[in-house]
Amino acid sequence: MSFESTPRRSFLGRLMGMTMAVSLPWDRSVIEASSQSAPDDWLGDVTGDRKCFFDFPNYKQGFPLVHIFNYINTYASAYGVGNERVGTVGTFYGGGPASSIFMGFNDEIWSRYSVGEYAGLDDSDGRPYTRNVFNRPTSDDSILLAKGLQSPNFDALRVAMPLVGIERLQEMGTKFIMCNNALNSWGFELEARGKGAAADIDAVLRANLLPGVTVVPAMVIAIEKAQEAGLSYNKQ
C-alpha cells in the first residue's frame, strides 16, 4: 500500500461514516415518545413577543448559556419585559469533543461515556466531570467560565455560574433542541471509540436526554423554521 493511499482511504472511511449517520431516516418514534405530532411542534414551546434562537454547535465553556441568561435578564432589568414575554432557544449539536451535543444528556451519560475526559472538562480539583456540569452548575464550577475567559477565577463568575444552568434557563422559558443527525453521528463516534455498538449506544442516549429537550430532524432545518416563525438569530 502506498503512502498516499492510506490517508485517502481514511478520508473515504470517515466520509462514508458521516454519510451513514446523516442519511439515517428520521425516527417518528422520537416524536411519539415526546408527545409531539410534528417535527416543528417545539416552536409552540417558545412563547412571548421577544424571541431569539441561540445557535451554538460548540459548548465554549458554557458561555452560550451565559448569553441566553443575559438576553432574558437584560430584557427584565433594563426594559421591564418579564420572563413570560421572552422566548429563547438553545441548541445541542455538532461533532467531536468541542461540540455541544453532550450538554443535552443527564449524569448517567456523562458517567458512562466519560464525557468530562472526552471533552476536556475538569472541575476545580483538576478531575474530569462525571456529571452534566452545565445542567445544575454550582459556584465551584465557575472554573469553566474562568477558563473560557483565560483569566483567574473571581467572585462575579462564582455568583453567575449557578444562574446559567440548563435547568434554570428552562425554568425561565428557554427551549433546548437537539439535532437528530448529530445524535446519530455521536453514536457512531462513540462506537469508533470502543464504547459499544452504535445501535445500543443510540438507545441509551435517547433514553437519557435531559427533561424538556426535544430531538429535531436536522438543526439546519430547525434554524430555518425558527426564522420563518419570526425568531431573531444569534450565532454563538
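Refer to the structure printed above.
Please read all numbers here as calculations on a predicted model, not as lab measurements.

Peer 1: So what exactly am I meant to see when it comes to the side chain of Thr174 here?
Peer 2: Tracing the backbone shows Thr174 in strand β3 (residues 174–179). At 2.7 Å, the side chain of Thr174 and the side chain of Thr88 are in polar contact. Residue contacts for Thr174: discarding those within four places in its chain leaves Ile68, Ile72, Thr88, Val89, Gly90 and Leu169.

Peer 1: Would you explain the pattern of salt bridges in this entry?
Peer 2: For side chains of opposite charge, pairing can occur when their charged atoms come near one another. Under the counting rule described, the total for this entry stands at 12 salt bridges. Of the charged contacts, one joins Glu108 and Arg112 as a salt bridge, the two residues approaching to 3.0 Å between their closest N and O atoms. With Glu108 and Arg112 both in helix α4 (residues 107–112), this residue pair falls 4 residues apart, about one helical turn. What makes Arg112 partly exposed here is its relative accessible area of 45%. Its salt-bridge partner being Asp202, residue Arg206 comes within 2.9 Å of it at the nearest N-O pair. Of this pair, Arg206 and Asp202 both sit in helix α10 (residues 198–207), 4 residues apart, which is roughly one turn of the helix.

Peer 1: Would you mind going over the sheet that holds β3 with me for this structure?
Peer 2: For sheets, the rule is that strands pair by backbone hydrogen bonds, running either parallel or antiparallel. Sheet architecture is open: 5 strands sit in the order β4-β3-β2-β1-β5, paired in parallel fashion. The sheet terminates laterally at β4 (214–216) and β5 (232–235), the two strands that pair on one side only. Averaged over all pairs of adjacent strands, the angle between their axes in this sheet comes to 30°, without regard to strand direction. Sheet strands touched by helix α3 (residues 63–79): β1 (50–55), β2 (86–92), β3 and β5. Its angle to β2, the strand with the most contacts, is close to 180°. Helix-sheet contacts for helix α9 (residues 180–192) involve β3 and β4, and the interaxial angle to β3 is about 55°.

Conventions adopted
- Residues numbered from 1 in each chain as written.
- Predicted model: local features only at pLDDT ≥ 70, side-chain atom pairs only at ≥ 80, totals over all residues.
- Heavy atoms only, no water.
- Helix = DSSP H or I, 4+ residues; strand = E, 2+ residues; numbered from the N terminus.
- Polar contact = N/O pair within 3.5 Å; in protein donor to acceptor, adjacent residues only side chain to side chain.
- Contact = heavy atoms within 4.5 Å.
- Salt bridge = Lys/Arg side-chain N within 4 Å of Asp/Glu carboxyl O.
- Buried < 20%, exposed > 50% of the residue type's maximum accessible area, 1.4 Å probe, protein only.
- Pairing = 2+ DSSP bridges.
- Axes fitted to C-alpha atoms, helices over the stretch in contact; angles between N-to-C directions.

Note that every value here comes from positions in space, so none of it alone points to a role or purpose.
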